[in-house]
Amino acid sequence: MSPRAEATKQKLFEATLRLSASQGLVGLTVDDIAAEAGVAKGTVYYNFGSKDGLVDGLLRYGVDLLAGRLRAAVSDADPLEVVEAQVDTTLEFIQQYPGFSQILVSELWRTPGQWHDTLSLLREEIISIVKQQLQRLDEAERLPAGVRIPTAAAGLFGTMLVVALDWQVFQPKRTRADVRDSVMVLIRGLGR
């Protein structure tokens, strides 16, 4: 993708997130998104074909950004330290894009959501990244017997999203480090 196309998609992503934080996705129009992004309405259609295509593409784009950051946090360090880095990375991402967690939380668990199929694939991508570190903990015999790693990974992903949303909406004065440390208290209960 050219740098110009990438910049346009980033503008549309940020505009959609800003607007959806106050209006939700359903009420948004292409006109609203284009105006907020400072682009022509035709730019939205050229890049995405429709509002639904725009939202689908931007959900993919946002999750790709988050997944890239989560992968960048992976190292050969202690898996619990990597999980902590991933929690911090997720909180940092949500702090940068607060509307994103609102969209994910509302759309992932809405039955059936318009973007359910897309979000199911994207959810699995994020969970697989988290799952790798839990598997490392399990291989080191640091998880309690009987912990189902896929369920624990989904739980950790859900916890990160909901805690980030709670932080942004109800406790914005807390620091990211404080929120991260609170999440890690729960996680450390799992990993000995």
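Residues numbered from 1 in each chain as written. Predicted model: local features only at pLDDT ≥ 70, side-chain atom pairs only at ≥ 80, totals over all residues. Heavy atoms only, no water.

When helices and strands are counted, the protein shows nine helices and zero strands. Relative to the 2.2 N^0.38 estimate, which gives 16 Å for 192 residues, the radius of gyration of the protein is 18 Å and therefore close to what a compact globule would have. Projected onto the principal axes, the alpha-carbon positions of the protein cover approximately 55 × 35 × 35 Å. Buried positions account for 45% of the 192 residues belonging to the protein. When contacts within the protein are restricted to residue pairs at least 6 apart in sequence, long-range pairs at least 24 apart make up 70% of them. (Helix = DSSP H or I, 4+ residues; strand = E, 2+ residues; numbered from the N terminus. Rg over C-alpha atoms; globule rule 2.2 N^0.38 Å. Buried < 20%, exposed > 50% of the residue type's maximum accessible area, 1.4 Å probe, protein only. Contact = heavy atoms within 4.5 Å.)

Here we come to unusual backbone geometry. A negative phi angle characterises most non-glycine residues, just as the trans form characterises most peptide bonds. Phi at E141 is positive, roughly 55 degrees, even though this residue is not glycine. Looking at the element boundaries, E141 is found in the loop between α7 (116–139) and α8 (149–170).

Our next topic: the pattern of salt bridges. Per the stated rule, a full pass over the model turns up 13 salt bridges. Two residues, R18 and E36, come together in a salt bridge whose shortest N-O distance is 2.7 Å. Within this pair, whereas R18 is found in helix α1 (residues 3–23), its partner E36 is found in helix α2 (residues 30–37), the two being separated by 18 residues in sequence. Residue R60 pairs with D56 through a salt bridge whose shortest N-O separation is 2.9 Å. Placement of the pair is R60 and D56 together in helix α4 (residues 51–72), with a separation of four residues, close to one helical turn. On the accessibility criterion, R60 (34% relative accessible area) is partly exposed. In this structure D56 comes out as buried when scored by relative accessible area, which is 18%. Connected through shared salt-bridge partners, E84, D88, R176, R180, D181 and R188 make up one network. (Salt bridge = Lys/Arg side-chain N within 4 Å of Asp/Glu carboxyl O.)

Along the chain, R180 turns up in helix α9 (residues 176–190). Residue R180 is classed as buried on the basis of its relative accessible area, which comes to 17%. If sequence neighbours within four positions are ignored, R180 has contacts with E84, V87, D88 and L91.

The sites that UniProt annotates as "domain: HTH tetR-type" (unreviewed entry) are residues 6–66. The span residues 6–66 carries 82% helix and 0% strand; its end-to-end C-alpha distance comes to 16 Å. (UniProt positions renumbered as here; feature names shortened; annotations may be inferred.)

Under the counting rule described, the total for this entry stands at three aromatic pairs. Their ring planes at 75 degrees and their centres at 5.4 Å tell us that F13 and Y61 sit as a pair that is edge-to-face. Highlighted residues: F13 in helix α1 and Y61 in helix α4, separated in sequence by 48 residues. For the pair shown, F13 and Y61 are each scored as buried. (Phe/Tyr/Trp six-rings, centres within 6.5 Å; stacked < 30°, edge-to-face > 60°.)

On to the nonpolar core. Counting residues in each nonpolar core, the largest one holds 59 residues, and the members touching the most others are L12, V87, F100 and I187. Top element by residues in this core is α8. It accounts for ten residues. Setting aside its immediate chain neighbours within four residues, L12 contacts I33, A37, V39, V44, F48, L54 and L58. (Core = buried A, V, L, I, M, F, W, Y, C linked by side-chain atoms within 4.5 Å.)

With that settled, consider the UniProt feature "DNA-binding region" (unreviewed entry) in the protein. Mapped onto this structure's residue numbering, the UniProt feature "DNA-binding region" (unreviewed entry) falls at residues 29–48. Across residues 29–48, the secondary structure splits into 80% helix and 0% strand, with the terminal C-alpha atoms separated by 13 Å.

This next bit is on α1. Over its 21 residues, α1 extends 30 Å from the first C-alpha to the last, a length consistent with the 30 Å expected when each residue adds 1.5 Å. Looking only at α1, the buried set comprises T8, K9, Q10, L12, F13, A15, T16, L17, L19 and S20. Where α1 is buried, its residues meet α2, α3 (41–48), α4 and α6 (98–108). Phi turns positive one or two residues past the end of α1, at G24, with a value near 80 degrees. (Expected span 1.5 Å × (residues − 1).)

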